[in-house]
Each structure stands twice: as structure tokens, then as C-alpha cells.
Amino acid sequence: MIPTVLTNINIVDATRQDPLTNAAIVIREGSIHDIISRDSVPKMRDAKIVDLDGAWVIPGLIDTHNHMVSPLAPFYFPKEPIIDRYIRQGRETMDALQVGFTSLRVVGAPDFSDVAWKQAFESGLYTGPRLFVAGHALAPTAGHGQGMRCSVESDGSEGFRKLVREQIQGGADFIKVVMTGGVMGACWDDPDHAHLMDDELAAIFDVAKARGYQVAAHAASPETVKTAVLGGAYTIEHGYTLDEEAVQLMADNGTYYNPTFCITHLIPQAAVSEYHKSYVEEWPLQDDLHQRANERRPEHVEGFKMALEYGVRIASGCDAGPLKDTGLLEIELLVQNGMEPMEAIKAATLHGAAVCEMQDKIGSIEVGKLADLLVLEKNPAENIHNIRTVRMVLKGGIVVHDSDG
Ligand SMILES: [Zn+2]
């Protein structure tokens, strides 16, 4: 592969206080080989020089909580056969790559379809994002996610030991556990209720730890967040309600927090930007879910603000779909709810990489890392909506999207 030089660029990423202006990136064998001034690009024979005319380059985006397609698929597409859904998972993740998501963490999908697509993308059969996958989410009988087909159910410690082992055998990269109810569910599926008992949780954490797998905990209430952090959860998903003790524990333990704002914000009452407004028009929620989302929203935002104040490490995960829309909306919602744009970029890049246990390879623009890069017309640190001004996407140094054709 001949080296590529992206020149005449400004670099924005979480490892730099200020943008690195008038720069150039030298890419060799898919990795960032050098970062230099545009004025000192050496004469290289057989190199491809790409003059980007003052464009802004950030690391490829990473969404750390999704199911490849909206988990509400059975609601939006009630007659969709499961095979068609597997195929749509591939289509929608490939579309997400086109807007800049070079990596995704999938927190539950049917029948190891996430593992299959991961292999299809890794082998080069199709061009898609890097996937970091859970297999199925683990839930009890009458747990959250019934009918969404992203989880498998069991009961008792023996049952959950077996489920963890089966996910490992099926090719999971981490374990996803559904500790509580959720916002998008039946009336008996209450986010304030703990669904797993202590022995069941202990079984999950013990097997995962013994086998060297991290646990992502869907935990919606302060008490279950505390139990998850103390049990060794690597990430907290949702945390719709938090208290100071829960937030302090996350900060002290370096636990990553995925607020998944899309769940309580994909309704007209929360829509501020034109992108958000057109999304809710296209994808309306059924009345009961709409009401549940609206009721939960104020507490959700309050908990997030507390997490910000305590310095909790926050990642960006939308939990909704299509990812090409909701992945970007989630990053914008972090800002809408009080995060600085640069911190939101950090959530969707550097922190996302750590959540995917790939911090040595992706998440920032540094020499030695993979050249997963998003080239934008405008600076996203100035206005977060500028993440939509996509000009070019590179994954492992290969141009996978170029708006100039
Ligand atoms: Zn989810």
C-alpha cells in the first residue's frame, strides 16, 4: 500500500488542548505514521498527497451502545422477518460508517448476528465499521427487552453462568447484563425495579472475571448502579436516575457511563435542532413509550449533569436507530444537556475507544494508532452540529467515503 498524506488540515482531538492547525498526517500501512506541519511534508515518491484545503480532521466516531438497528424494530417493522432484520443490521451499520462511525459497540443482537457482521467486515467481505460485540444481552424471565430479540433469558445462578459461557463461546467480546427494567417496555417493565437477584449477578460477574471479560451493566436506578460498580462493571448503561453516591462511585472507580440520551429525547418535546425535529417526525414513538420517555427525561438530565460535575468518564451511545441519524443525535444531545462540544467529541472518540477496549489502537490522532479519521468541512469544537459536515471518512487509512466522489 502506498503512503497517503492528508495535508492542509486542522486536527481536533481529545489529546490536544487546542486544534493543531496547518498540519499534515502521514499514513502508512493503515496507521498514523507521522503528524507534521503542512510546510514540511517531505517529497515522497509514490505517495498519494491529498490536499484538504483547510478541512478539520477528528478521530473516527465510536458509538458505544447500540443494537445495529433500533431495538424498537418490532414496533417500527412489525412484519419484518428476523432474517431481513439481520440483513438490515449490516446495511445500517455500513451507512453509519459513511457518516463517520468507524467503530461501534453492539450491546445485544439476535442469534449472534453481531458476531457474523463483525466477521464479514473484518474479512473485508463488506466495508463496515469495526464492531465490538456482546452476542445477546442477558436478562431474567420477565426482564427488560422482551420482544426486541436482543436478549436471552434465564433464571438463577446456574442459568446465568451458562448464558455467560454461551456468549463467550459464540464470539462475544464482552458481557451485557440487563439488571433493571427500562424506559422502552411494557407497563410491568419498570426502570426503578431491580430484575436480577444478588446470586444471579454474582454468577455473571464471577464467570466474566474468571474468563477475562468486561461487563456492561444496563442499570437504571441509583441502587443498581452502585451494585454494578461495586460488582466490577466496566460500564454503566442508561443510569436514568442517579444520586450523588452512585455518581461518586463511578468517578472513584473510573467506570464509564453511557447515558443513552436518545431513549428519553427522541420525542418532539426534547427536539431543538432541525435534525432532531425531522427525526421525530419520521420516527414517531407509540403513545405509551412517548409518555414514559417524557416523564423520565428531567431526572435523566439531572443525573447526567451530576456525573459531569463529578468528572465521571462519559461515552456516547445512542441505543436507537438508524445509527447514521441517532449516533449523531446522541453526540449533539450530550451538548444540548450541558457538555462542552470538545468533551462530547472526547466521549465519542477517546472514551469510546476505551469502552471498546481499543484505546491503544483508536480514539485519537496519535502516531502509531490506526488511521480511522473523519474529515469535516467545519470545526466541530466550535459548533457540535459541524460533525455533520462530512467530507471524507477513512478506516485504517482507506478512504471509505468521499463526498467529492
Ligand atoms: Zn440498549
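I will try to describe carefully the structure that is included in this document. Predicted model, so just to flag it, every value in this text is computed and none were measured. (Residues numbered from 1 in each chain as written. Predicted model: local features only at pLDDT ≥ 70, side-chain atom pairs only at ≥ 80, totals over all residues. Heavy atoms only, no water.)

### What to know about the packing of helix α2 (residues 82–99) against helix α11 (residues 323–336)
Relative placement of two packed helices is described by the angle separating their axes and the distance separating the axes. Interaxial distance between α2 and α11 falls to 8 Å at its minimum, and their mutual angle equals 50°. When the interaxial angle is binned, α2 and α11 end up oblique. On the side of α2, the interface is formed by Glu92, Thr93, Asp95, Ala96 and Val99, while α11 contributes Leu323, Lys324 and Leu328. Each residue belonging to the contact of α2 with α11 can be placed in one class, and the counts come to four nonpolar, one polar and three charged. (Axes fitted to C-alpha atoms, helices over the stretch in contact; angles between N-to-C directions. Helix = DSSP H or I, 4+ residues; strand = E, 2+ residues; numbered from the N terminus. Parallel < 35°, antiparallel > 145°, perpendicular 65-115°, else oblique. Contact = heavy atoms within 4.5 Å. Nonpolar A, V, L, I, M, F, W, Y, C, P; charged D, E, K, R; others polar.)

### Quick look at the pattern of salt bridges
According to the stated counting rule, one finds 20 salt bridges in the structure shown. Notably, a salt bridge pairs Lys226 with Glu245, separated by 3.2 Å at the nearest N-O pair. Taken together, the residues Lys226 in helix α6 (residues 222–231) and Glu245 in helix α7 (residues 244–253) connect sequence positions 19 residues apart. On the basis of relative accessibility, which here comes to 7%, the residue Lys226 falls in the buried class. For Arg391, the salt bridge identified is with Asp404, shortest N-O distance 3.9 Å. Taken together, the positions of Arg391 in strand β16 (residues 390–395) and Asp404 in the segment after β17 (398–402) put the pair 13 residues apart, joining distant regions of the chain. In this structure Asp404 comes out as exposed when scored by relative accessible area, which is 60%. Each of Glu223, Lys226, Asp243 and Glu245 takes part in a single network of salt bridges with overlapping partners. (Salt bridge = Lys/Arg side-chain N within 4 Å of Asp/Glu carboxyl O. Buried < 20%, exposed > 50% of the residue type's maximum accessible area, 1.4 Å probe, protein only.)

### So, the coordination of the zinc ion
At this site the zinc ion is bound by His65 (NE2), His67 (NE2) and Asp319 (OD), with donor distances of 2.2 to 2.3 Å. Site description for the zinc ion: donor spacing in sequence, H-x1-H-x251-D. In this pair, His65 sits in strand β5 (residues 61–66) while Asp319 sits in the loop between β14 (313–314) and α11, placing the two residues 254 residues apart along the sequence. Taken as a pair, His65 and Asp319 share a single burial class, namely buried. (Donors = N, O, S within 2.8 Å, 3.2 Å for Na, K, Ca; no water.)

### Some words on the environment of Met197
Note that Met197 resides in the loop between β10 (175–178) and α5 (198–211). Between the C-alpha atom of Met197 and that of Leu376, which follows or precedes it by 179 residues, the distance is 47 Å.

### Some details on empty space enclosed by the protein
The tally for this structure, following the rule as stated, stands at two cavities of 30 Å³ or more. In terms of lining, the largest cavity is formed by 28 residues, of which the most central are Pro71, His144, Met148, Ile263 and Asp319. Secondary structure elements with two or more residues in the lining of the largest cavity: β10 and α8 (262–265). Here the residues of the lining of the largest cavity sort into 17 nonpolar, nine polar and two charged. Of the volumes computed, that of the second largest cavity is approximately 40 Å³. (1 Å grid on protein atoms, 1.4 Å probe; cavity = no way out; pocket = protein on both sides within 12 Å on 5 of 7 lines; lining within 4 Å. Points joined across faces, edges and corners; volume = space filled by probe spheres on them.)

### Observations regarding α6
If you check which residues of α6 are buried, you get Pro222, Thr224, Val225, Lys226, Ala228 and Val229. At its buried positions, α6 is contacted by α5, β11 (215–219), β12 (235–238) and α7. Positioned one or two residues after α6, Gly232 has a phi angle of 105°, which is positive.

### Here's the deal with α11
When the terminal C-alpha atoms of α11 are compared, their 19 Å separation across 14 residues agrees well with the 20 Å that a helix rising 1.5 Å per residue should span. Here α11 lies mainly inside the structure; ten of its 14 residues are buried. Among the residues of α11, Leu323, Thr326, Gly327, Leu328, Leu329, Glu330, Ile331, Glu332, Leu333 and Leu334 are the ones counted as buried. Of the residues trailing α11, Gly338 is marked for its positive phi of about 120°. (Expected span 1.5 Å × (residues − 1).)

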